[in-house]
Amino acid sequence: MTLPDLTGRVAVITGASRGLGAAMAKDFQARGMKLALCARGELPLADGPDVLTSRLDIADEAAVRAFADAAAAKFGRIDLWINNAGVLEPVCAARDLTTEALQRHFNINVFGALYGCQAMQRHVASHDGEGVLINISSGAAWGGYAGWAAYCMGKAALDRLSETIQLEEAAQGLRTYAVAPGIIDTGMQATIRSCTEEVFPMVDKFHEYKNNNLFNEPDFVAEHLLQLAFDPDDDRSEVVVRLPAQKES
Ligand SMILES: NC(=O)c1ccc[n+]([C@@H]2O[C@H](COP(=O)([O-])OP(=O)(O)OC[C@H]3O[C@@H](n4cnc5c(N)ncnc54)[C@H](OP(=O)(O)O)[C@@H]3O)[C@@H](O)[C@H]2O)c1
């Protein structure tokens, strides 16, 4: 993997308080990148000349717009926007899904990501430059999982949204991807393992991932995303990308 010097490149990461988002923030900072980070909870890096943080709910369209404007004003441009914020819940059979629970989920995983996409689209169009948009998707976009109807629907929507944006915005200089990052040992995995077999029949498989440490490490994911965004030799044409498993099962 050949990555150019990324010093001074500007990345936005949503959902950066914990898990993959927080790990990517630290990895990118160590590479000299400038960062705009948001989440509802506390962010892992302090504000400074190269870091902007914002405590917001990604489902709040006006807050996402203001955050994007603040990032562009502080750093002059945004090179990479990663829509990483996401939730798993509700975990239940499709027959038990309530409109309220599904709406709450979509407000974050679909509408929240859409607001981020739109912010980056507006930014790239406004400064007549180039940019990369990465939506963090999941293997759950590729096929159903019993108990995960909301999550599967939301991530599949994100894949199709990413393909659509690529068609609409490539000529304006925006490259868009939906990336399934593999299984990473974050709080979301702990939530999965805490499910009963009754609501999530595949739960044993996820205990096995933990027992055998078959996870993709966050720095492995971070490097692949940076390769997609910045490696001049990476000339793949697909929008929906599935990262390989880092470890043999
Ligand atoms: N872990 C895996 O194995 C795996 C596999 C495939 C895909 N993914 C995807 O990877 C992404 C990161 O997941 P993770 O595993 O790192 O999960 P995580 O540890 O639960 O972290 C989720 C992040 O999203 C943020 N978030 C959730 N709701 C939000 C909201 N309403 N507004 C703003 N931020 C919000 C959380 O921050 P706050 O709660 O502080 O707001 C947190 O920073 C998600 O999109 C997930 O679907 C994960």
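None of these values were measured; they are calculated from a predicted model.

1. Topic: the environment of Leu 37
Topologically, Leu 37 is positioned in strand S2 (residues 34–39). You can call Leu 37 buried: it has 29 C-beta atoms within 10 Å. Through-space distance from the C-alpha of Leu 37 to that of Ala 16 is 5.8 Å; in sequence the pair is 21 residues apart. In contact with Leu 37, other than residues within four places in its own chain, are Ile 13, Ala 16, Ala 25, Leu 43, Leu 45 and Thr 53.

2. A closer look at helix H4 (residues 149–169)
Taking 1.5 Å of rise per residue, the 21 residues of H4 would be expected to cover 30 Å, and the 30 Å separating its terminal C-alpha atoms lies within 8% of that figure. The set of residues buried in H4 consists of Ala 149, Ala 150, Tyr 151, Cys 152, Met 153, Gly 154, Lys 155, Leu 158, Asp 159, Ser 162 and Ile 165. Structurally, H4 contributes buried residues whose contacts are with helix H3 (99–127), strand S5 (131–136), strand S6 (174–180) and strand S7 (240–242).

3. Here's the deal with the pairing of strand S1 (residues 10–14)
Burial runs high along S1: five of the five residues are buried. With burial as the criterion, each face of S1 is covered, one bearing Val 10, Val 12 and Thr 14 and the other bearing Ala 11 and Ile 13. For the handedness criterion, the β-α-β arrangement of S1, helix H1 (residues 19–30) and S2 is classed as right-handed. Where S1 and strand S4 (residues 80–83) come together, three bridges link them in parallel fashion. Looking at the pairing, Ala 11 lines up with Leu 80 of S4.

Reading guide: rules and limits
- Residues numbered from 1 in each chain as written.
- Predicted model: local features only at pLDDT ≥ 70, side-chain atom pairs only at ≥ 80, totals over all residues.
- Helix = DSSP H or I, 4+ residues; strand = E, 2+ residues; numbered from the N terminus.
- Buried ≥ 20, exposed ≤ 12 C-beta atoms within 10 Å, placed from the backbone.
- Contact = placed C-beta atoms within 7 Å.
- Expected span 1.5 Å × (residues − 1).
- Right-handed = clockwise from strand over helix to strand, strands pointing away.
- Pairing = 2+ DSSP bridges.

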